[in-house]
Amino acid sequence: MPEFLAILTSLAWPFAITVAWLVGEFGQRWTGLPRISFYGLVGFVLAAPQLGVLPRPETGTALLLADVGFGLILFELGYRINLHWLRTNPWIGVTGLFEAGLTFVGVYLVANAFGAPLFDRLMLASLSMATSPATVVRVINEQKSSGQVTERALHLCALNCVLAVFAFNAAVGLWIFRTSEDVGDALWNSLVVLGVSAFTGAVFGLVVPGVLRLLGKLAQDATVAFALAVILLVAITHALGLSPVVAALAFGLTARHRRVAFSQAQRNFGALGELLTVVLFVFAASTLDWRRVWAGALLAVALVLVRLLAKTAGVTAFAHLAGISWRKGALTGVALTPLSVFVVLLIEHARQAGVAVVEELRAVAAVTMLLEVFGPIILQRALVWAREAPERNHAA
């Protein structure tokens, strides 16, 4: 009997991933909704605290695998960032700073009204600044979306990620060094982590294309080479306690400006990217406990609404200055709703750093579950309303 149970346990994750993929494919075909919403739902239902099909993931291995899947998506996001456009139209950057700051303040005040402790308020506000690149990139690719709202959502998503990592690391630094209460020290440590992470990613962005050019196989082997490089980069940042988010973004950004061209067939990193995306979303949802989701539900709904309003108002306020209509500005703000996977990975990294306070962030579990399922749907609707994606997309 113990051997039989061991076999069942070893099959749990492959079974869950297969079920999630099947549900995603049939769900998208029947409803037109994004596949990743179904991946998250399956992961949550099969998780240990719910049906108990999945064992609790061993954070080290599972987190590294999830980071690799996330890193591939972040590389693609970084590759799609156009620095020349941001220099030509600096109001896009100003928009990102304003809407992220407005989100931070709004969420902080709401958490304070609910009586959350100081560090909980800081962490909730920091996490809420972010937009999940995994969701944004996957839905945009799946919908084959293009246009002003699509491109601005991608660029603002990248900026949100960097700002959220900085703010979250600063909050974690304050918690770790809470006895000294040295804000400057916490901010400096966060800046150092960001700087070293970005430098590491940029080095990869310079070295990998150079090696491929020397081999004369840039067009032929770029997908495999860059996938392997992302895996190595994530492993290095994982081992050194750096930010794989910032490193992978910097890698993609530098590779783009080294004039490395990707064909359509290489989008999503092919079958490897598809598989790791399923793993990523199932893993993220499997970390959630329905009891924590229920306990933080009221605050979570308030945070989701305030975050949505803040991002929409922040982007809309600078819409005309940034060169788009009020309507497209508002839809861009709505498109920044997804959050879930980004939050889960940041919290898992903080937990590994010994920040026990994250265990008490019940509202985070509820926000994550809400936006794991509904975030991709809201993004999809924003792209459809902006007329940058078809009403229903049945593409395989």
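Residues numbered from 1 in each chain as written. Predicted model: local features only at pLDDT ≥ 70, side-chain atom pairs only at ≥ 80, totals over all residues. Heavy atoms only, no water.

In this structure, what is going on with the overall build of the protein? I would like to understand it.
The secondary structure content of the protein amounts to 17 helices and zero strands. The buried share of the protein, reckoned over its 396 residues, is 55%. Summarising the internal contacts of the protein: among those between residues at least 6 apart in sequence, 84% fall at separations of at least 24. (Helix = DSSP H or I, 4+ residues; strand = E, 2+ residues; numbered from the N terminus. Buried < 20%, exposed > 50% of the residue type's maximum accessible area, 1.4 Å probe, protein only. Contact = heavy atoms within 4.5 Å.)

Help me understand unusual backbone geometry, please; the structure alone is not making it clear to me.
The phi torsion of most residues other than glycine is negative, and most of the peptide bonds are trans. A positive phi angle, near 55°, is found at Lys 144, a position not held by glycine. Positive phi is not limited to glycine here, since Arg 387 has a value of about 60°. Positionally, Arg 387 belongs in the segment after α17 (362-385).

Just to check I follow, could you spell out the pattern of salt bridges for this structure?
If charged atoms from side chains of opposite charge come close, those side chains can pair. Under the defined criterion, the tally for this structure stands at seven salt bridges. We note a salt bridge from Arg 35 to Glu 25, for which the minimum N-O separation is 2.9 Å. In this pair, Arg 35 is assigned in helix α2 (residues 35-46) and Glu 25 in helix α1 (residues 2-31), connecting sequence segments ten residues apart. Owing to a relative accessible area of 7%, Arg 35 belongs among the buried residues under this scheme. For Glu 151, the salt bridge is made with Arg 80, and the minimal N-O distance between the two is 3.7 Å. On the criterion of sequence distance, the pair formed by Glu 151 in helix α8 (residues 148-176) and Arg 80 in the loop between α3 (59-79) and α4 (83-88) is long-range, its members being 71 residues apart. By relative accessible area, Arg 80 is classed as buried at 13%. Because the salt bridges share partners, they merge into one network encompassing Glu 25, Arg 35 and Glu 142. (Salt bridge = Lys/Arg side-chain N within 4 Å of Asp/Glu carboxyl O.)

Is there a simple way to explain empty space enclosed by the protein in this structure?
Over the atoms a probe the size of a water molecule is rolled, and this reveals where empty space is left. On inspection of all chains with the given rule, the structure shows three cavities of 30 Å³ or more. Empty space within the largest cavity amounts to approximately 70 Å³. Lining the largest cavity we find Leu 124, Leu 127, Ser 128, Leu 303, Val 304, Arg 307, Leu 339, Val 343, Val 364 and Val 367. Looking at the lining of the largest cavity, the elements with two or more residues in it are α6 (118-128), α14 (297-317) and α17. (1 Å grid on protein atoms, 1.4 Å probe; cavity = no way out; pocket = protein on both sides within 12 Å on 5 of 7 lines; lining within 4 Å. Points joined across faces, edges and corners; volume = space filled by probe spheres on them.)

Honestly, the packing of aromatic side chains in this entry has me stumped. Any pointers?
For any pair of aromatic rings, the description rests on two quantities: the centre-to-centre distance and the angle between the ring planes. What the rule picks out here adds up to eight aromatic pairs. Ring centres of Phe 75 and Phe 251 lie 4.8 Å apart, and the angle between their planes is 65°; this geometry places the pair in the edge-to-face category. Of the two residues, Phe 75 sits in helix α3 while Phe 251 sits in helix α11 (residues 244-256), which places them 176 residues apart along the sequence. The exposure classification of Phe 75 matches that of Phe 251, with both residues buried. Seen in terms of ring centroids, Phe 104 and Tyr 108 are 6.4 Å apart; in terms of plane orientation they differ by 10°. Their pairing is stacked. Here Phe 104 pairs with Tyr 108, and both are found in helix α5 (residues 91-113), just four residues apart, close to one helical turn. An aromatic cluster is built from Phe 75, Phe 204, Phe 226 and Phe 251, whose rings are joined through pairwise contacts. (Phe/Tyr/Trp six-rings, centres within 6.5 Å; stacked < 30°, edge-to-face > 60°.)

Nothing here speaks to function; it is geometry throughout.
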